Every structure is written in C-alpha cells, then in structure tokens.
Amino acid sequence: AARTMPRAATPHTWVAIDFETACTDLGSACAVAVVRFAGARRRGQSWLIRPPTRRFTFSDLHGIRWRDVAGEPSFAERWGELRRMLAGAEFIAAHNAAFDRGVMGACCAAAGVRMPGAPWLCTVKLARRAWGVYPTKLPHVARFLGVELDHHDPASDASVCAQAVVRALREGRSLGVALI
C-alpha cells in the first residue's frame, strides 16, 4: 500500500538512491550511490560493495566485476555510512523504486539490520504522471530533463533520479502520486 507524503510543501530532508547488483539475486548489491538533500544542501556519496556471491552476470551492464569488489566492505560493513546518509529522510527516491527497495530490503535482512521506514518515491511513476514521459527508462527521463546520464553508473543514475524530484518540487508537482 502506498504511504502518504509528509504535509510540508517542500521536504526538508530526502535522498535519491541507486543500487547495482552482481546478478539477479536482490541481495547481491555490488555498488550504491546516494544523493542527500538537507534543506538547500546537496551531498552525494557512492560506494562499491562486496556482495555475498562471486557470480557476476550483470558486469556487461555496469562494468563491475568480482575483482573490483573483492577487497571492498560488505553491505553489513558499509551499513553505518549508508545509514548516516539515509538518516532523517522523509522519503527515499529511486528510479524503479520497487527494485531498489527490494535490494535494500534483501541486503538489510542478510546483514541483520532494520531497513529505514521512510516511504519510497518512484521516479518512473513520477515522470509518467507529472510529465507523460513514455517510455520511462532512466535514459528517456534524463533526455526529457536535458541532463547527461552514464547509465548504470550508480552515482549518475542517482543524480538523474534526484534531478527529476528537484524539477517536480520546483514545478509544485504532487510527489504523492509516485509513492510505492
């Protein structure tokens, strides 16, 4: 069931997030990027993550291989840094948010940590309902917004997602239509 947005006209603190996974297993996060907005302040951070599997079937998409992450911290070891970026967020935005929420849920469960309770906002739904963008893959949304995208680079994907939310806020669009 969709959750309701906070009543504030412009949210004070929110984040955009993008995960990349090694394979079809949602718990195989190998990279994550977060763009955090706190008032007028914007801060971004991205990390490589050592997934619990050496099986990489999506390397052709994102270019990340086991050798790139073998020496990196696991999701559980990265959780403190990631949790700080998510702290106090009124919502978490992602392009195809059901996927990213599923990845975070699977990784949090495996790490034995509680997933943040903030509602998720899907920029696929936002782009469709606010601007009629079809098809609504991230490259199409980036083109509509007039911004560059290095697709499947988590920092670039999270940035485009954030820019969609910023534009919707600037235009006074309802974000509630895109909550999942």
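Quick caveat, the model's predicted, so the values are computed rather than measured. (Residues numbered from 1 in each chain as written. Predicted model: local features only at pLDDT ≥ 70, side-chain atom pairs only at ≥ 80, totals over all residues. Heavy atoms only, no water.)

As a further point, take the environment of Ala93. Residue position: Ala93 is located in strand 4 (residues 92-94). Spatially, the C-alpha atoms of Ala93 and Gly44 are 14 Å apart, while their sequence positions differ by 49 residues. Beyond its immediate chain neighbours, meaning those up to four positions away, Ala93 contacts Val15, Ala16, Ile17, Leu121, Cys161 and Val165. (Helix = DSSP H or I, 4+ residues; strand = E, 2+ residues; numbered from the N terminus. Contact = heavy atoms within 4.5 Å.)

Okay, the packing of aromatic side chains next. Scanning the model with the defined rule gives five aromatic pairs in all. Ring centres 5.3 Å apart and planes at 35 degrees place the aromatic pair Trp131 and Phe144 in the tilted group. With Trp131 in helix 5 (residues 123-131) and Phe144 in helix 6 (residues 138-145), the pair connects residues that are 13 residues apart, well separated along the chain. According to the relative accessible area criterion, Trp131 is buried, its value standing at 14%. Feature note: the residues Trp14, Phe37 and Phe91 constitute an aromatic cluster, connected by ring pairs. Above the plane of the ring of Trp131 lies Arg167, whose end atom (NZ or CZ) is 5.5 Å from the centre. (Phe/Tyr/Trp six-rings, centres within 6.5 Å; stacked < 30°, edge-to-face > 60°. Buried < 20%, exposed > 50% of the residue type's maximum accessible area, 1.4 Å probe, protein only. Lys NZ or Arg CZ within 6 Å of the ring centre and 35° of its normal.)

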